[in-house]
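Architecture and fold: a report
If you want the building blocks of each chain, they are given just below.
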Amino acid sequence: MCEIYSGAEPELFELKTRSIRIDGVVTSIRLEAVFWQLLEQIAADAGLTLGTFITRIYREVLERRGETGNFTSLLRVACTTHLNQGQRLTLTTSAYQDTISDNQEPVRKVS
C-alpha cells in the first residue's frame, strides 16, 4: 500500500544546496531535489528566473509578516500549493499529533 511513497527514487529526496542573492545578500537554501525542480517549473510558468521568483516570495513574506520565519519550509508549502492547482492546503484539527505510533487505527473521513 505504501509502495507509491516508499518506492520514491532516492534522487528525488536528495538534499541540494543552492546559493542565491536576495536583495544583495548571498544566502544558501537547502531543499530536496524534487522541490528545486518544482520551484524551477513554477518560476518558468510565471516567466521568471528561479532567482527572481524566490526573491519575490521573500519580499512578499517580509512585507506581509515582517519576517520570513522558516523560509525553506515556506518554499516547500509553495510547491504543495502548486501541485494542488493553486489551492492552499489547510490543516485540520486532527492533522497534527505529537505522538504517532504504527498501530493506530486510520482516521476515516466521511463525506
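So, a few notes on the structure that sits alongside this text. Computed from a predicted model, the values in this text were never measured in an experiment.

Conventions we followed
- Residue indices follow the written sequence of each chain, beginning from 1 at its first position.
- Confidence filtering applies because this is a predicted model: local features only for residues at pLDDT of at least 70, side-chain atom pairs given and counted only at 80 or more, and all residues used for totals across whole chains, interfaces and linings.
- The basis for every side-chain value is the complete set of heavy atoms in the structure, and neither hydrogens nor water enter the calculation.
- Strands are runs of DSSP state E lasting at least two residues, helices are runs of H or I lasting at least four, and both sets are numbered from the N terminus onward.
- The contact definition used throughout considers only heavy atoms, calling two residues in contact when any of these lie within 4.5 Å.
- The method behind every accessible area is Shrake-Rupley, applied with a 1.4 Å probe, and residues are considered shielded solely by the protein chains displayed.
- Any two rings among Phe, Tyr and Trp, with Trp reduced to its six-membered ring, count as a pair given centres within 6.5 Å; such a pair is stacked if its planes are under 30 degrees apart, edge-to-face if over 60, and tilted if neither.
- Categorising residues by exposure relies on relative accessible area from a 1.4 Å probe, with only protein chains included: less than 20% of the type maximum marks a residue as buried, more than 50% marks it as exposed, and the intermediate range marks it as partly exposed.
- The rule for pairing is simple: two strands pair if DSSP sees at least two bridges between them.
- We define a nonpolar core as any set of buried Ala, Val, Leu, Ile, Met, Phe, Trp, Tyr and Cys residues linked to one another through side-chain atoms lying within 4.5 Å.
- By convention in these notes, a salt bridge is any Lys or Arg side-chain nitrogen within 4 Å of a carboxyl oxygen on Asp or Glu.

1. As for the overall build of the protein
Scanning the protein for helices and strands turns up four helices and two strands. Element order for the protein, N to C, with α for helix and β for strand: α-β-β-α-α-α. Put simply, of all contacts in the protein between residues at least 6 apart along the chain, 36% involve residues at least 24 apart. Split by element, the accessible area of the protein, about 8900 Å² in all, is 51% carbon and sulfur.

2. Observations concerning the packing of aromatic side chains
Inspection of the entire model under this criterion finds one aromatic pair. Ring centres of Y58 and F71 lie 5.5 Å apart, and the angle between their planes is 85°; on these two criteria the pair is classed as edge-to-face. Of this pair, Y58 sits in helix 3 (residues 50-65) while F71 sits in helix 4 (residues 71-83); the two residues are 13 residues apart in sequence, bridging distant segments of the chain. Judged by its relative accessible area of 10%, F71 falls in the buried class.

3. Let's talk about the pairing of strand 1 (residues 15-22)
Bridge analysis of strand 1 against strand 2 (residues 25-32) gives eight bridges, and the strand direction is antiparallel. The residue of strand 2 that forms the bridge with S19 is S28. The hairpin turn running from strand 1 into strand 2, its antiparallel successor, is two residues long, and D23 in that turn takes a positive phi close to 50°.

4. Description of the nonpolar core
Core analysis: the largest hydrophobic core is formed by 18 residues, its most contacted members being I29, L31, W36, L39, F53, I54 and L75. Listed by contribution, the elements that provide at least two residues to this core are strand 1, strand 2, helix 2 (33-45), helix 3 and helix 4. The biggest single contributor to this core is helix 2, with six residues. Each residue touching L39, except ones within four places of it in the same chain, is listed here: L31, L50, F53, L75 and C79.

5. Structural notes on the pattern of salt bridges
This structure, assessed with the given rule, holds four salt bridges. Measuring nitrogen to oxygen at the nearest pair gives 3.4 Å for the salt bridge that ties E14 to K16. By relative accessible area, E14 is classed as partly exposed at 38%. For K16, a relative accessible area of 36% translates into the label partly exposed. Two residues, R59 and D23, come together in a salt bridge whose shortest N-O distance is 2.4 Å. With a gap of 36 residues between them, R59 in helix 3 and D23 in the loop between strand 1 and strand 2 connect regions that are remote in the sequence. Given the relative accessible area of 45%, R59 is considered partly exposed.

6. With respect to unusual backbone geometry
Located in the positive-phi region is D23, a residue other than glycine, with phi close to 50°. A relative accessible area of 44% places D23 in the partly exposed class.

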